[in-house]
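So the chains spell out like this:
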Amino acid sequence: MMLALLILLPLVFALVVAARPAEHARSIALVGTLVALVACVAAMRTFDWSDAADTGQLGGSVAWLPALGLHLSVGVDSVALLLIALTALLGPLCVLGSWTAITEQRRTFYAWLLVLQAAMTGVFASRDLVLFYVCFEFTLIPMYVLISLFGSTNRRAAATKFFLYTFTGSLLTLAGLLYVAWFVARPEQHGAWTFDIGVLTAHAPRMSGMEQGWVLLALLAGFAVKVPLFPVHTWLPLAHTEAPTAGSVILAGVLLKLGTYGIYRFALPIAPAAVLEYAPLIAGLSVVGIVYAGLVCWVQTDVKKLVAYSSVSHLGFCVLGLVALNGAGLSGSVMYMINHGLSTGALFLLVGMMYERYHTRSMRELGGLAAKMPVWATFMVFFAMASVGLPGLNGFVSEFLCIMGAFQADDGWGRFGDLPGATPGRLGPWFGFAAGTGVIIAAMYLLYMVGRMCFGPLIEPGGHGGAHGHGDEHARDGGLPADLTGREIGALLPLAALCLALGVYPSPLLDSIREPVNATVAHVLGNAEGGGGAPARPVAPGTVHAEGGQ
Amino acid sequence: MVGGLAGMTGLMAAAAGGDGALAAGTVAGPWWVVLIPLLPMAGVVLTLVCAIFDVRSKAPAWMSVGCLAGSFGLAVLAYFELAGGPTAVTFGFRWIDVAWGEGPGQRLSADFAFAFDGLTCLWMLFVTGLATLIALYASEYMSHDVGVGYCRFFAAFNLFVFSMACLVMADNLLLLFLGWEGVGLCSYLLIGYFYKKPSAVAAAKKAFIMNRIGDLGLLMGMLLTFVQFGTLKYAELWPLVEPFVAAVRAGHADEVPFLVGLIPVLFMVGAFGKSAQLPLYVWLPDAMEGPTPVSALIHAATMVTAGVYLVARTYPLFLVSEWALPVVAWVGALTALLAATIGMAQFDIKRIMAYSTVSQLGYMFCGMALLTSVGGAFHVFTHAFFKATLFLCCGAVMHGFAGQLDLRRLSGVGLMPGWRIVGLAMLVGCLNLAGFPFTAGFFSKDMILADAFVTAGPGYSAIGWILLVTAGLTAYYTFRVFFRVFVGPVEYEPGDEHHGDSHDAHDDHAEHETAHVEHGHGFHPHAPGWAINLVLALLAVGSIAAAGAYFVYADHHGWVGHLLHGSPAEPTHEAAFVDAHGDGDGHAEAHGSFFGLDPHKAMYFVSSAIGLVGIGVAFWLHYLGRTTAATSRADALLPKVGPVARWAQGKWYVDELYDAVIVKPLWVLSHVLHMFDKLVVDGLVNAAGWLPRMIGRAVRPSQGGVLHGYAVQMACGIAFALVIVWLMTL
Amino acid sequence: MSGSWTIAQASLPAPMDGVTLAHYLVVSAAMFAIGLVGFLTRRNLIIMFLCTELMFQAAGIALIAFSRFHLHMTGQTFVIFVLTVAAAEAALALALVVLLYRRKDSLSADEWAELKG
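A quick note: this is a predicted structure, and the numbers were derived from the prediction, not measured.

Regarding the overall build of chain B
So, point 1. The helix and strand tally for chain B stands at 29 helices and five strands.
So, point 2. In terms of overall dimensions, chain B has a C-alpha envelope of 115 × 70 × 60 Å along the principal axes.
So, point 3. Counting all 730 residues of chain B, 58% fall into the buried class.
So, point 4. Sequence separation of at least 24 residues holds for 81% of the intrachain contacts in chain B that already meet a minimum separation of 6.

Next up, the structure:
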């Protein structure tokens, strides 16, 4: 029951934070998140990596409402475990990033932060649909509190929009999931109510093509908003901009991944024929999002908004890889979930550190900060490059694989003969090319940001001119020096190290997700017979053909 | 971090099978080959450690020189041990490895593995060799920035050599891409070295983005290669390409699949971006914002030749494509001409050299395209030496004259005491660039020029004429610089920078103030010290000695041909392809002629003559009778050619054109999209939120607050429901 | 569905002659109507409260009648629940009414109309 421990630990520490005086809140939260991180590392050591596709590892099940088929059932495969690890890693970094930024209502802040971590871990660990959904929705509450209490000027509106927008979408998801459960509960299927994700995904592909289409639409309604996919992305820039640093980091690092994880875990296996049929549409939206959000990034003046829009652009790659429905695309997508969490999380931390010193996010009022904050600028350039997708850093591996997945996945390659590198699918080179232009655009806006913020003549907002002594700033900014403190560097270094490590040596990670990813691909393609005009494929023994997606 | 990595490896012990299985035709390379890229990487780490500990001495430079020299030494060792043998592959570790099946093409595997053949060897020798020398030069050149800036410079410098080594030594296209983008990053970092200068920041950004546009082509080409052949490893790729090469050689060019013919076209886009060819050349002249050693190493000698390297490395693919090589030839020739015309009209000597680099890169591409890969590679090799020499001479001038680069404000530099070596080195460089008889540049350029008249292809003889004209122009603008700046009446005016390159992150570097003092009103140029002089002397000697490579191994068209023997760019393909690609079958036509003479022999005389004419014109216009730095005889002539000179000086307004046609519209589009996002996309969302609120407002009056009202409503509701139920039971 | 909760027929008293389900339902409906009309027409909070109780019991009678009719105990169980809840609720409601009376010195429901949209 390592996973139960991982979920409960932050909750216990949240209670401790709430019970102890406010001045201890951040230290307790730091200890709590570090303990959770240690527990997570222990869980990773216990995990049987040779059987990475087994989704029930480290878990267990407790009856909840057995009459309805509900169980508190947890368990992970390597994909889920890696995302839990990402969550656990970002925990202490968020606490460190908020160390001096949050000065009031500390208990509320850190307690909810810990609750949020528990909820996110719960999402990835769930093996029960209802438990998943409860955790999935519960993440909204802590996030709502964090944004609406600790955000900047327009926080209320942002929090409300974030809550209502994502909540509305997920209600449709609930409807879709319940339909699936109802379908599986039919006598000719499983025959009894069950919410076990494994059972559901095994039976659900037998839904008719039309049913699958509607279920996919319902699932995407929630997951696409969460990702966010163009054109349902507009809550994100607002929420990111207004959220406190830790909120932005969690939001970009993990919460967005709930959407892609949902697609990976539910949409693909439950409605394979529909996914295959609508893959060009979904991929089209992703690609439009990549280019569109990238261009919008380019004209931002608010640096945090720029990074927020860049998330929209980046997550487009992630979804593109998912709907490529081949090994490269899915591996790339899973890698992207982790890599984006690292690099964009770090960018938000950096922006937060800058904001703490200058109290502005406007690139009109800031410039050339490398002269004042060389260490900060170094990290900024580093993480911008990771985000740009420079080979050797983490972003490249995932971005390349996503683009490659889309590029390969085309039945149309058949026109050119039996090409060894082609995979079945309905995307193709143009999707790869369009996504590839996103790589150029990423360079445009991120270098624009770096060029404005770090380089050029030093520009500081009024009151921070060069003539000002350091003492003055100390008084105002809670004793923060001009450049980063050891604590802040400590928050960034693990991320930087991981970005580099995953860029130079990603193969352990790629190996670990190979089995689950390939199992998913086999499940989807094996069950999508007749869907989307794809050629017939061998079906794994024991599975029943779908009635056809058309 | 290393510990963490190791831990992770152990943790995720998902077996993937011991890799490094060798493809046919390759042998396992010795382990020390990995040190060639690793030593510069060690240099990066060392200089970064210096930066962290705020080392304020020249230690980072010496560490870098040491690491790079070690790398060069190993490259030389590799030359003696490995060149000439089969490709030696040294496996490092697995990098990206994704498998989705057992069959061929169902596994993408790209390792950190280094392949060493003659082509690699050629590039690595001059990359590491020049990097060592230029690092030594930079130790003096950058001395005013000793401190964090110095460390930053050398860290990026070493990282560049590491990336370049990855690019050149990669055994698969993906690792080449890593190096490819890595050198782009270093180029970005080093162009933007003086990061307080907005023009430097803009130039750095421009270089990176322009390169990325090309990189997209390379990326797409790689993906297409994978789809077509199912592998990105050279050793597995060439056997698969071989049948197509054979088909073309047998005259069945139509047997080559469309996609195979498309791959080199996509690679070409990448090569044009990296090597600053039309239409992506505009970043290179701007890149001169970087410190001069960077311009010499990255933007003249090594990185910009990566495009040529890519063509050479994937030469079999280019050979089988119908359109790839003619396009390369024409783009190369036109770029050579265009850049030369711009170079003639500039006043900034570093920019002139930059345009000359663009122009010479055009020659190299022509060389590749005209089926004289040896000529192309030889020109890369000789150009690396003499262009580095030229840049470093310009750098010495810049260093000594407070950043002065305007050829109208400097004169007779080479005649001043302490500047002799600079002057002589410059002369050697200029003679090479101008193609003066019996210099290295002369031989390498001739190989290309002659083959333009030999090889049959669409308009190739026109290309030959373009290249000949360009050779004349090159001689002119090269010696324009020499005659105005290095000889003539001694006259100088300091530049506006306190020293060659002034900026540093910290304004309060008291210890640097000493450097400023001497640049008061009584300006004295400070002559280069031993490091700069030594490097210039060595490079000048190298430039001359490079000519020797033409005379050895005559059976392989010289030393470079000898090296390329057995590599993908092997020239033995040529003869057969001349026939295959040419329309006619006649030997005479295939071998072409130059007014009835054998082009290879005639070209010695023709190009010598043209080079001498160019030098002569420069001598007449810019040396004879010139009494001041600012004016020359050319000034009187210029008005007679009308606005053309002004247009050339304005770089034919290509930058402005791009700005107006691409950048501005994109900028406007982005703003429009931003507005669209705000008003329409988000507007719809807000409308969705607005609708329930409006409905609520409409039905609100029904909630009167009177209890009985609610009760009546409820009763009515129940009654209504009952009626419905009753109706349904009917 | 009807298996486990059916009580054995033998142990039950014989149904009253001539009294059918409809009779019970008529009584129930009448009680409900009286309660409803009372609720809608009276203004006194206590009377209104009593009227709601009347409607409750009307529903209870119907449930018990159905329960007996179907020989299914769920209805009766439900009524026991309702009675319990109603008892608790009566205590609460009367306490509320007392509080309301103290505020306005009146038992009229019309006094309380602040909660309008």
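Digging into the interface of chain C and chain B
So, point 1. Across the contact, eleven residues belong to chain C and eleven residues belong to chain B.
So, point 2. Its residues assigned to classes, the side of chain C that touches chain B comprises seven nonpolar, one polar and three charged.

Here we look at the interface of chain B and chain A
So, point 1. Counting residues at the interface gives 60 residues for chain B and 64 residues for chain A.
So, point 2. Secondary-structure elements contributing two or more residues to the side of chain B that touches chain A are α1 (2–11), β2 (87–99), α6 (173–191), α7 (198–229), α9 (258–274) and α28 (654–699) of chain B.
So, point 3. Residue composition of the side of chain B that touches chain A, grouped by class: 41 nonpolar, eleven polar and eight charged.

A few points about unusual backbone geometry
So, point 1. Between A:F230 and the following residue, A:P231, the backbone shows a cis peptide bond with an omega angle of 0°.
So, point 2. Within the fold, A:P231 resides in the loop between α9 (209–226) and α10 (235–242).
So, point 3. Of note, the amide linkage connecting B:L278 to B:P279 takes the cis form, showing an omega dihedral of -5°.
So, point 4. Summarising the element assignment, B:P279 is placed in the loop between α9 and α10 (283–286).
So, point 5. The phi dihedral of A:L58 falls on the positive side, at around 60°, and the residue is not glycine.
So, point 6. As for its position among the elements, A:L58 is in strand β1 (residues 57–65).

Re the pairing of strand β3 (residues 107–116) of chain B
Residue and element names in this part refer to chain B.
So, point 1. Along β3, nine of the ten residues are buried, which leaves the element largely enclosed by surrounding structure.
So, point 2. Pairing of β2 with β3 involves ten bridges; the strand directions are antiparallel. Looking at the pairing, R94 lines up with D111 of β3.

Here we look at the sheet that holds β2(B)
All names here are of chain B.
So, point 1. The strand order β1-β2-β3 describes an open sheet built from three strands, whose pairing is mixed. In this open sheet, the two edge strands, each paired with only one partner strand, are β1 (26–28) and β3. If you compare each strand with its neighbour and ignore which way they point, the axes differ by 55° on average.

A short note on the packing of helix α29 (residues 707–729) of chain B against helix α1 (residues 21–41) of chain C
So, point 1. Following both chains from N to C, one finds α29(B) and α1(C) inclined at 145°, their axes separated by 9 Å at the closest point. In this structure, α29(B) contributes B:H708, B:A711, B:V712 and B:A715 to the contact, and α1(C) contributes C:L36, C:F39 and C:L40.
So, point 2. A breakdown of the residues in the contact of α29(B) with α1(C) according to their chemical character gives six nonpolar, one polar and no charged.

Quick word on helix α3 (residues 78–98) of chain A
So, point 1. The end-to-end C-alpha distance of α3(A), which contains 21 residues, comes to 30 Å, matching closely the 30 Å that a straight helix rising 1.5 Å per residue would cover.
So, point 2. Of all 21 residues making up α3(A), 21 are buried, and the element is well covered by its neighbours.

A word on the arrangement of the chains
So, point 1. Pairwise contact counts over the two pairs of chains in contact peak for chains A and B.
So, point 2. With no contact between them, chain A and chain C keep their nearest C-alpha atoms 15 Å apart.

A few points about the pairing of β2(B)
So, point 1. Pairing geometry for β1(B) and β2(B), over three bridges, is parallel. Note that in β2(B) the partner of B:T26 across the bridge is B:T87.

Thoughts on the nonpolar core
So, point 1. Core analysis: the largest hydrophobic core is formed by 493 residues, its most contacted members being A:V275, B:A388 and B:L467.
So, point 2. Apart from the residues lying within four places of it in its own chain, the contact partners of A:V275 are A:L216, A:A267, A:L268, A:V323, A:L325 and A:V524.
So, point 3. Judged by nonpolar contacts, the second largest core, of five residues, contains C:F39, C:L45, C:M48 and C:C51.

A word on the environment of A:E23
So, point 1. Relative to the assigned elements, A:E23 resides in the loop between α1 (2–19) and α2 (25–46).
So, point 2. Sequence separation of A:E23 and A:E104 is 81 residues, and the distance between their C-alpha atoms is 9.9 Å.

Rules used throughout
- Residues numbered from 1 in each chain as written.
- Chains lettered and ligands numbered in written order.
- Predicted model: local features only at pLDDT ≥ 70, side-chain atom pairs only at ≥ 80, totals over all residues.
- Helix = DSSP H or I, 4+ residues; strand = E, 2+ residues; numbered from the N terminus.
- Buried ≥ 20, exposed ≤ 12 C-beta atoms within 10 Å, placed from the backbone.
- Contact = placed C-beta atoms within 7 Å.
- Nonpolar A, V, L, I, M, F, W, Y, C, P; charged D, E, K, R; others polar.
- Pairing = 2+ DSSP bridges.
- Axes fitted to C-alpha atoms, helices over the stretch in contact; angles between N-to-C directions.
- Expected span 1.5 Å × (residues − 1).
- Core = buried A, V, L, I, M, F, W, Y, C linked by C-beta atoms within 7 Å.

Geometric values such as these leave the question of function open.
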